[in-house]
Amino acid sequence: MGNVYIKSLGEKYLMANYSRHPIAFAKGEGAYVWDASGKKYLDFVTGLAVNALGHCHPAVVEAAVRQCKELMHSSNLYWTAPAAELAQLLVEHSCLDRVFLCNSGTEANEAAIKLARRYFHTVLKENRSTIITFSRSFHGRTIAAATATAQEVVHSGFDPLPGGFAYAAYNDIEALEAVIDDTTCAVLMEPVQGEGGINVADRDYLRQVRELCDKTGTLLVLDEIQCGLGRTGHLFAYEYYGIKPDIVTLAKALGGGLPLGAVLATEEVSAGFGPGSHGSTFGGNPVCCAAGRAVLETLLEPGFIEGVRDMGHYFMNKAFALAGKYDCIKEVRGLGLMIGIDLNRPGSAVVDACREKGLLVNCAAKTVIRLLPPLNVTQQQADRAFSVLDEALAEFSEAEEVE
């Protein structure tokens, strides 16, 4: 089956809620994928940061296959070793105490929203329920997570949206101070906004947010679904900022390619969830948790995270070199291996040109070329990617001059 046949099949039977590229993937290995016609691509999208160790990482595959042969599902009526052991790893290597396991990022954020509100209602006995989020954020597609996402394009057509959310400008402490009040139970934010265009929170700003939350008795919830688990050059993004959140949400990289999400919380806040208060049929699935444990163990290998930091500097230097060469680049932003190259107009043509040349990147916020390479990317692969980007940007600049 080739790309054309699979595309026609999908167009006939799948809902048209995605704008897909005209290729179908058939195989992945490390930093590379092959389409159904056999063409090879260097993948710097990595399933939107899901394949953080590359495609079909041997340790992840081995753990998942082994678990598939032992126990694939049991429900949360019973304990399983993979879920308990994954939770142990997450707690022992974070500043938090308890874990709730689910299937995706949007489910993790839904759970965090419910936990924050229920903590105030049932533990503190206070009538505080408003969640503050930020401009250009993205927290998921379920109805509450979509409402938390402060982007009209995500809200459009889904009225009535649930109440209890307020919005503030990102990287602006005065804007947050103007919104937070005695009805606020939590501030929910991404330390690095992914879908919003790789917007990095200033260090001083995020520390001020933490101080403001402490002063007002408000929970700080960090959405690290895209920027967590090594992506910023730290196991958790909050480590870069030197703060301690009350709740952290994770997903994407956690399952190494399998659907897995998690909510981490302090002991005190986790008391908001008692038996029957929240659940997930597939949450903590043994196969996914076995894969997740393999991911974490790999990230925790000596020197791995430091290597991500080093490669992050290498990528940023390469990106800045392109910015010095092409006027169409307005700004380069990023942290670790989460890089955004902001253009002066929509960048879909650059994405298409890169794909034709064998490099996969994507466009966030319409104008930002987003680079999410595997965390174990090599310098040789980086050099190849930036060579292709250079060619694509040259064509993009020429087209702008013609216009």
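Look up a bit, the structure's there.
Residues numbered from 1 in each chain as written. Predicted model: local features only at pLDDT ≥ 70, side-chain atom pairs only at ≥ 80, totals over all residues. Heavy atoms only, no water.

**Some remarks on the sheet that holds strand β2 (residues 32-35)**
In spatial order, the strands read β1-β2-β3-β15; together these 4 strands make up an open sheet with mixed pairing. At either end of the open sheet lies a strand with only one pairing partner, and these are β1 (25-29) and β15 (359-360). The pairing of strand β3 (residues 40-43) with β15 spans 2 bridges and is classified as parallel. In the strand pairing of β15, Asp-43 is matched with Leu-360. (Pairing = 2+ DSSP bridges. Helix = DSSP H or I, 4+ residues; strand = E, 2+ residues; numbered from the N terminus.)

**Let's talk about the environment of His-57**
With respect to the secondary-structure elements, His-57 resides in the loop between α2 (46-49) and α3 (58-68). Once the C-alpha coordinates of His-57 and Ala-36 are considered, the two residues, 21 residues apart in sequence, prove to be 21 Å apart. The contact partners of His-57, leaving out residues within four places of it in the chain, are Thr-298 and Asn-376. (Contact = heavy atoms within 4.5 Å.)

**Considering the packing of helix α4 (residues 81-92) against helix α12 (residues 286-299)**
Following both chains from N to C, one finds α4 and α12 inclined at 30°, their axes separated by 8 Å at the closest point. Considering the angle they form, α4 stands roughly parallel to α12. By crossing handedness, the relation of α4 to α12 is classed as left-handed. Along the contact surface, α4 presents Pro-82, Ala-83, Glu-85, Leu-86, Leu-89 and Leu-90, while α12 presents Pro-286, Cys-289, Ala-290, Gly-292, Arg-293, Leu-296 and Glu-297. (Axes fitted to C-alpha atoms, helices over the stretch in contact; angles between N-to-C directions. Parallel < 35°, antiparallel > 145°, perpendicular 65-115°, else oblique. Left-handed = near helix turned anticlockwise from the far one by under 90°.)

**A look at unusual backbone geometry**
In this model, Asp-159 is joined to Pro-160 through a cis peptide bond whose omega is 0°. Topologically, Pro-160 is positioned in the loop between α7 (152-155) and β6 (165-168). In the Ramachandran plot, Ile-198 falls in the positive-phi region, its phi being about 55° despite a non-glycine side chain. Within the fold, Ile-198 resides in the loop between β8 (192-193) and β9 (199-200). On the basis of relative accessibility, which here comes to 0%, the residue Ile-198 falls in the buried class. (Buried < 20%, exposed > 50% of the residue type's maximum accessible area, 1.4 Å probe, protein only.)

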